[in-house]
Amino acid sequence: DHLMHENGIKNEIVRENIIYLENKLKSLINNNPDTLFILTADHGFSDIEEINFKEHKDFLDTLSEPIYSIEPRFATVSVKNKEKFLELGNKYYGDYFDIVSRDDLIKNHTFGYGKENELFSTALKDYCLIAKDKYAFYQTNEPIGFKGHHAGGTTSEREIYLLIFNK
């Protein structure tokens with residue numbers, strides 16, 4: 001995760017690390033033939049370019065607070081002017097992010113069907129900007145410098161692989 005944030009997903013250092021881990025895993029599996037191994041990830045990853053969340057003052061003025069929370073590729077915001085927010089959000093970010101209301105995310109079971117986490121209702125704000133391309137927000141004075149990230153809506157981030165060994 002850390003290496004892919006810093007270097008992106010196609011970097012040689014990342015590739016070498018994955019090969020190293022794959023070899024260690026093969027050894028572990030081969031040395032324990034009577035053990036069932038189930039391997040999965042908690043998310044996928046994507047190479048990114050960072051864009052400034054605070055670039056457009058008129059857009060920020062539509063928000064209750066001029067910041068987002070959760071993730072740079074899944075930014076949730078509190079809105080004070082819904083119509084203007086949607087207009088300017090789509091104008092500036094519509095090519096890069098899907099803009100989805102909290103209500104639609106809940107109605108569509110975007111986060112699943114299980115028991116709701118006690119923090120869920122406070123973490124998810126009025127709208128979410130979900131990356132559909134390579135972009136990620138930053139809201140500091142300078143870009144964070146990440147080359148890879150997760151939590152967006154791209155296929156490479158949504159697909160989670162399940163590997164089973166010694167079945």
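Please refer to the structure higher up on the page.
Residues numbered from 1 in each chain as written. Predicted model: local features only at pLDDT ≥ 70, side-chain atom pairs only at ≥ 80, totals over all residues. Heavy atoms only, no water.

Concerning the environment of Gly44
Applied cut-off: We count a stretch as a helix when DSSP gives it H or I for four or more residues in a row; a strand needs E for two or more, and each element gets its number in order from the N terminus.
Secondary-structure assignment places Gly44 in the loop between strand S1 (37–40) and strand S2 (46–47). Distance from Gly44 to Gly152, taken between C-alpha atoms, is 9.1 Å for residues 108 residues apart in sequence.

A look at the pattern of salt bridges
Applicable threshold: A side-chain nitrogen of Lys or Arg and a carboxyl oxygen of Asp or Glu constitute a salt bridge if their distance falls within 4 Å. Only protein chains enter the accessibility calculation, which uses a 1.4 Å probe; a residue whose area is less than 20% of its type maximum is buried, one above 50% is exposed, and one in between is partly exposed.
Under the defined criterion, the tally for this structure stands at seven salt bridges. For Lys57, the salt bridge identified is with Asp61, shortest N-O distance 3.1 Å. The exposed category is assigned to Lys57, whose relative accessible area is 57%. Across the pair Lys132 and Asp98 runs a salt bridge whose closest N-O atoms are separated by 3.6 Å. Of the two residues, Lys132 is situated in the loop between strand S7 (127–131) and strand S8 (135–138) and Asp98 in strand S6 (residues 97–101); the sequence distance between them amounts to 34 residues.

Some points on the sheet that holds S7
For clarity, the threshold we go by: At least two bridges found by DSSP between two strands are what make those strands a pair. Axis geometry follows a simple rule: fit a line to the C-alpha atoms, using only the stretch in contact for helices, then measure angles between N-to-C directions, giving values from 0 to 180 degrees.
Pairing is antiparallel in the open sheet, where four strands are placed in the order S4-S5-S7-S6. A single partner strand is all that each edge strand has here, and the edge strands are strand S4 (69–71) and S6. Strand after strand, the sheet turns through a mean of 15 degrees between neighbouring axes, direction not considered. Bridge count for S6 against S7 is five bridges, and the pairing is antiparallel. Its bridge partner lying in S7, Phe97 is registered against Ala131.

Examining unusual backbone geometry
With a phi angle near 55 degrees, His109 is a residue other than glycine that sits in the positive phi range. Locating His109 in the fold gives a position in the loop between helix H5 (102–107) and helix H6 (120–123). On the basis of relative accessibility, which here comes to 37%, the residue His109 falls in the partly exposed class. Despite not being glycine, Asn166 shows a phi value in the positive range, around 65 degrees. For Asn166, the position within the fold is in the segment after strand S10 (162–165). Among the residues examined, Asn166 registers a relative accessible area of 29% and is labelled partly exposed.

That's the geometry; what it means functionally is another story.
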